[in-house]
Amino acid sequence: MALKVGRRFIVEPGGALHGEFPVPGDKSISHRSVMLGSIAEGETRVEGFLEGDDAMATLSAMRALGVEIEGPEDGRLRIQGVGLHGLQAADAPLDLGNSGTSMRLFSGLLAGQPFVSELVGDASLMRRPMRRVTDPLTRMGARIGTAPNGTAPLRIEPAPGLRGIDYAMPMASAQVKSALLLSGLYAEGETCVTEPAVTRDHTERMLAALGVPVAVEGPRVRVTGGASLTGGGIAVPGDISSAAFFLVGASIASQASVTLTNVGLNPTRTGVIEILRRMGASIDIDAGHAGTGEPVGRITVEPAPLRGIDIPPELVPLAIDEFPAIFVAAACARGETVLRGAEELRVKESDRIAVMAEGLARLGIEVHPQPDGIRIVGGRLRGGHVRAHGDHRIAMSFAMAALAADGPVTIDDCAEVDTSFPGFVELAHRAGLSIRAEETSA
Ligand SMILES: O=C(O)C1=C[C@@H](OP(=O)(O)O)[C@@H](O)[C@H](O)C1
Ligand SMILES: C=C(OP(=O)(O)O)C(=O)O
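All values reported here derive from a predicted model rather than from experimental measurement.

A. Here's a closer look at the domain arrangement of the chain. Along its sequence, the chain is carved into domain 1 (6–25 + 237–440) and domain 2 (27–235). Distance from the C-alpha centre of domain 1 to the C-alpha centre of domain 2: 28 Å. Tallying the contact residues gives 26 residues for domain 1 and 30 residues for domain 2. Considered class by class, the residues forming the side of domain 1 that touches domain 2 number seven nonpolar, eleven polar and eight charged.

So this is what it looks like as structure tokens:
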């Protein structure tokens, strides 16, 4: 049996962070560029595409469904769209790796196809809840089977005809919203989704940019079945979720000055900036142009004394992927930081509340995990050995923690960093973080 190779980061304390550089392309927008470009009429040219494992899983799945895609070459793709009804059955299960976004969005997209699809993923993805998409899709008339506990593998059978529904989502999830909007393109009548809190709106923006009328009234989004998409140019901005590690790192380092260029500043994604500023961070934004419907800009960050805060609940979905990094900031802040209403963190690539609490405690920080959040008492970070549990965002967050620790931080189980941030170690090292990666026999 082949030995599985793992990855460990070893980060020495006391590094600095300096420089002006872009971060890799936005993962959420990269997924959507491939999915929507594939079902559009004509060619779609994408630039800034994230060549990470998650977005590549979406790309490979689309190729398996018969779509011709050139690239990625330097972040550029040329997608020959097949139109709403041009996808073909794949001849094997679609393996979506570690990517929840791929699995949820494909569930919606494939529910309306006249062929069978099967969706699988890695051990983490096969544990994640899928009824949040399969339940409403079933109400639309889709025929989707899950494992008995509501996880993948998903088997999607051709349905005689989808009907639009009016659905109030029980949780704030852009993946569920997007899955329903995609299936809504194949449904009779109108599909209306109401969200309990604002979530990222990249699907709505990209559908509109490709010519689909999308009606947004407060928390309600509506699409009407049958509207066709017209291929075009899509510029993917840098990922604010990747920028977040540098925002936190530069805030807690004793020496830093970092400018991140071409970062996506969609207001449904900037919760991390708002939260860090409330904690006292020194973050300047130079807003640029609004590319293809997505605002971008430069962010400059310098060290600042941080203080603990109560995180306002409405900011939670706007910073949902940034909490591992925000927890590191909280560990370095004076006083307590309290997060509530964030139970969704327990069903990401890992249980991000439990895993961060375990690691921060090992680094000497007092933590009080709760079912829906955590209370973190800021203190002095010491060096130590933590585990990322195969979760990319945990690995990168603890790497930044070393900037404020009094000894080396060793992080096991970091191989998944390439899902969202290929080249993280090299970029962070160039910026001044004393990080090295080594292979382990995990
Ligand atoms: O729609 C998307 O691209 C995403 C939505 C969020 O998930 P939920 O919809 O589960 O909140 C986020 O955590 C994920 O990284 C990407
Ligand atoms: C939750 C994440 O992604 P996904 O749900 O696509 O696996 C993430 O990237 O933090």
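Next comes the rest of the write-up.
B. View of the site of ligand 2. Every residue lining ligand 2 is accounted for by Lys27, Asp54, Ser99, Gly100, Thr101, Asp321, Lys348, Glu349, Arg393 and Ser420. The class makeup of the residues in the shell around ligand 2 is no nonpolar, four polar and six charged. When residues of the shell around ligand 2 are sorted by domain, at least three fall in each of domain 1 (6–25 + 237–440) and domain 2 (27–235).

C. Highlighting the site of ligand 1. Neighbouring ligand 1 are the residues Ser28, Thr101, Ser173, Ala174, Gln175, Ser178, Arg200, Ile320, Asp321 and Glu344. Top contributing element to the shell around ligand 1 by residue count: helix H5 (residues 174–184), with three residues. Looking at the shell around ligand 1, its residues break down into two nonpolar, five polar and three charged. Two domains each put at least three residues into the shell around ligand 1: domain 1 (6–25 + 237–440) and domain 2 (27–235).

D. Highlighting the pairing of strand S3 (residues 40–47). Two elements, S3 and strand S16 (residues 229–230), share two bridges in a ladder whose sense is parallel. Its bridge partner being in S16, Ala40 is matched across the sheet by Leu229. As paired strands, S3 and strand S5 (residues 76–82) are joined by six bridges and run antiparallel to one another. Each bridged residue has a counterpart across the sheet, and for Glu41 the counterpart in S5 is Val82.

E. Highlighting the sheet that holds strand S19 (residues 282–287). As summarised here, the arrangement of the four strands in space is S2-S18-S20-S19, forming an open sheet in which the pairing is mixed. Among the strands making up the open sheet, the edge pair consists of strand S2 (17–22) and S19. Sheet twist, expressed as the mean angle between neighbouring strand axes with direction ignored, is 15°. Bridge count between S2 and strand S18 (residues 256–264): six bridges; the pairing is parallel. Within S18, the residue paired with Pro22 across the bridge is Thr261.

Thresholds, definitions, all that
Residues numbered from 1 in each chain as written. Chains lettered and ligands numbered in written order. Predicted model: local features only at pLDDT ≥ 70, side-chain atom pairs only at ≥ 80, totals over all residues. Domains from an automatic or database assignment. Contact = placed C-beta atoms within 7 Å. Nonpolar A, V, L, I, M, F, W, Y, C, P; charged D, E, K, R; others polar. Near = placed C-beta within 6 Å. Helix = DSSP H or I, 4+ residues; strand = E, 2+ residues; numbered from the N terminus. Pairing = 2+ DSSP bridges. Axes fitted to C-alpha atoms, helices over the stretch in contact; angles between N-to-C directions.

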